[in-house]
Amino acid sequence: MIGKLKGTIDEIGEDHVLIDVHGVCYVAFCSARTLGGLGSVGEAAVLHIETFVREDQLKLFGFASALEREWFRLLQSVQGVGAKVALAVLSTLSAADLANAIALQDKATVARAPGIGPKVAQRIVTELKNKAPAYAGEAGAAIGLKQELGEGAAAGPVTDAVSALSNLGYSRDQAANAVAAAMKSAGETADSATLIRLGLKELSQ
């Protein structure tokens, strides 16, 4: 089992990269986002690896971060999502964007990925909604709040603050991020006026 590759970029293809590790070249299939973040041929590279072993093949999938690899695994737990579709999703959306979309039950954003129809997008946001905060990295707190908003379970002051900021022209996502940041400093019992004031301060930075 290969967990990580550290080597030199030998070749970059449409959907894969060859990494030369001490004279042995490994083919790793990657998302477009990961490939775009790699350097040029001859430069050093590090990839987190997911190894697929089948009766007739052994395939390596490479990721820029351990978090992206976790999303690759998680996406495939959804019916109808295989390795190819999971890579397409990760090519279109970053881990944070995907966590956002799932938390807010935004199936339209997920459906932007090639090969993802409305039914599969719906299954992804429904089946993974409780896991999004844990797979959001540093944005976990904000994702948890967005999940509550998406489910209509957020506290009144939070809902009011997000609504007020949205009415001022900010996107729902920006408003939710600002309110989550406001709650960090003001506490979870803060009233809507405080959250709006601190949220605006956050958005103006």
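None of the values given here were measured: they were computed from a predicted structure.

J.: I keep staring at the overall build of the protein chain and nothing clicks. Help me out?
T.: A tally of regular secondary structure across the protein chain gives 10 helices and five strands. A total of 205 residues make up the protein chain; the buried ones form 42% of that total.

J.: How do you make sense of the layout of surface pockets when you look at a structure like this?
T.: In this model, the largest pocket occupies a volume close to 310 Å³. The wall of the largest pocket is formed by 17 residues, among which Asp15, Phe29, Phe61, Lys84 and Leu87 lie closest to the centre. If you list the elements that add at least two residues to the lining of the largest pocket, you get β3 (24-30), α1 (32-37), β5 (58-63) and α3 (83-92). When residues in the lining of the largest pocket are grouped by element, the largest group, five residues, is from α3. By residue class, the composition of the lining of the largest pocket is nine nonpolar, three polar and five charged.

J.: Explanation requested: the pattern of salt bridges in the structure shown.
T.: Pairing between side chains of opposite charge can happen when their charged atoms approach one another. Summed over the entire model, instances satisfying the criterion amount to two salt bridges. Residue glutamate 50 is joined to arginine 73 by a salt bridge in which the shortest nitrogen-to-oxygen separation is 2.7 Å. With glutamate 50 in strand β4 (residues 44-53) and arginine 73 in helix α2 (residues 66-75), the pair connects residues that are 23 residues apart, well separated along the chain. For glutamate 70, the salt bridge identified is with arginine 73, shortest N-O distance 2.8 Å. Here glutamate 70 pairs with arginine 73, and both are found in helix α2, just three residues apart, close to one helical turn. In the salt-bridge network here, residues are joined through shared partners; they are Glu50, Glu70 and Arg73.

J.: Teacher, can you tell me more about the sheet that holds β3 here?
T.: Spatial strand order, β1-β2-β3-β5-β4: five strands in a closed barrel with mixed pairing. Looking at each pair of strands side by side, their axes are set apart by 55° on average, direction ignored. Bridge count between β4 and β5: six bridges; the pairing is antiparallel. Across the sheet, the residue bridging to glutamate 50 is phenylalanine 61, located in β5. The sheet contacts of α2 involve β4 and β5, and relative to β4 the element is tilted by about 20°. α3 contacts β3, β4 and β5 of the sheet and is inclined by roughly 15° relative to β5.

J.: Could you clarify how one ought to interpret helix α10 (residues 192-203) in this entry?
T.: An α-helical segment advances 3.6 residues per turn. Residues three or four places apart therefore align on the same side. Spanning 12 residues, α10 covers 16 Å between terminal C-alpha atoms, matching the ideal 16 Å at 1.5 Å per step. For α10, the set of buried residues is Leu195, Leu198 and Gly199. Projected onto a plane normal to the axis of α10, the buried residues spread over an arc of 105° and lie on a single side. Across α10 from its buried face, at more than 90 degrees, point the exposed residues Ala193, Arg197 and Lys201.

J.: Explain the side chain of histidine 16 to me, please; I cannot follow it from the model alone.
T.: Inspection of the secondary structure assignment puts histidine 16 in strand β2 (residues 16-21). A residue is classified by how much of its surface remains accessible, and histidine 16, at 18% relative accessible area, is buried. Engagement of the side chain of histidine 16 in a polar contact is seen with the side chain of aspartate 15, the distance being 3.0 Å. If sequence neighbours within four positions are ignored, histidine 16 has contacts with Glu11, Val27, Ala28, Phe29, Cys30 and Leu35.

J.: Sorry if this is basic, but what is going on with the environment of glycine 23 here?
T.: When you line up the elements, glycine 23 lands in the loop between β2 and β3. Residue classification places glycine 23 among the exposed residues on the basis of a relative accessible area of 61%. Once the C-alpha coordinates of glycine 23 and glycine 7 are considered, the two residues, 16 residues apart in sequence, prove to be 9.3 Å apart.

J.: Is there a simple way to think about the packing of aromatic side chains in this case?
T.: Aromatic ring pairs: the centre-centre distance and the angle between the two ring planes describe each pair. Taken as a whole and assessed by the stated rule, the structure comprises five aromatic pairs. Considering the side-chain rings of phenylalanine 29 and phenylalanine 61, the 6.2 Å spacing of their centres and the 45° angle between planes classify their relative orientation as tilted. Linking phenylalanine 29 in strand β3 with phenylalanine 61 in strand β5, this pair joins segments that are 32 residues apart in sequence. Owing to a relative accessible area of 4%, phenylalanine 61 belongs among the buried residues under this scheme. Ring centres of phenylalanine 61 and phenylalanine 72 lie 5.1 Å apart, and the angle between their planes is 40°; this geometry places the pair in the tilted category. In this pair, phenylalanine 61 sits in strand β5 while phenylalanine 72 sits in helix α2, placing the two residues 11 residues apart along the sequence. Phenylalanine 72 matches phenylalanine 61 in its accessibility class, with the two residues each being buried. Connected via pairs of aromatic rings, a cluster forms that spans Phe29, Phe52, Phe61, Phe63 and Phe72.

Calculation criteria
- Residues numbered from 1 in each chain as written.
- Predicted model: local features only at pLDDT ≥ 70, side-chain atom pairs only at ≥ 80, totals over all residues.
- Heavy atoms only, no water.
- Helix = DSSP H or I, 4+ residues; strand = E, 2+ residues; numbered from the N terminus.
- Buried < 20%, exposed > 50% of the residue type's maximum accessible area, 1.4 Å probe, protein only.
- 1 Å grid on protein atoms, 1.4 Å probe; cavity = no way out; pocket = protein on both sides within 12 Å on 5 of 7 lines; lining within 4 Å.
- Points joined across faces, edges and corners; volume = space filled by probe spheres on them.
- Nonpolar A, V, L, I, M, F, W, Y, C, P; charged D, E, K, R; others polar.
- Salt bridge = Lys/Arg side-chain N within 4 Å of Asp/Glu carboxyl O.
- Pairing = 2+ DSSP bridges.
- Axes fitted to C-alpha atoms, helices over the stretch in contact; angles between N-to-C directions.
- Contact = heavy atoms within 4.5 Å.
- Expected span 1.5 Å × (residues − 1).
- Arc of directions from axis to C-beta.
- Polar contact = N/O pair within 3.5 Å; in protein donor to acceptor, adjacent residues only side chain to side chain.
- Phe/Tyr/Trp six-rings, centres within 6.5 Å; stacked < 30°, edge-to-face > 60°.

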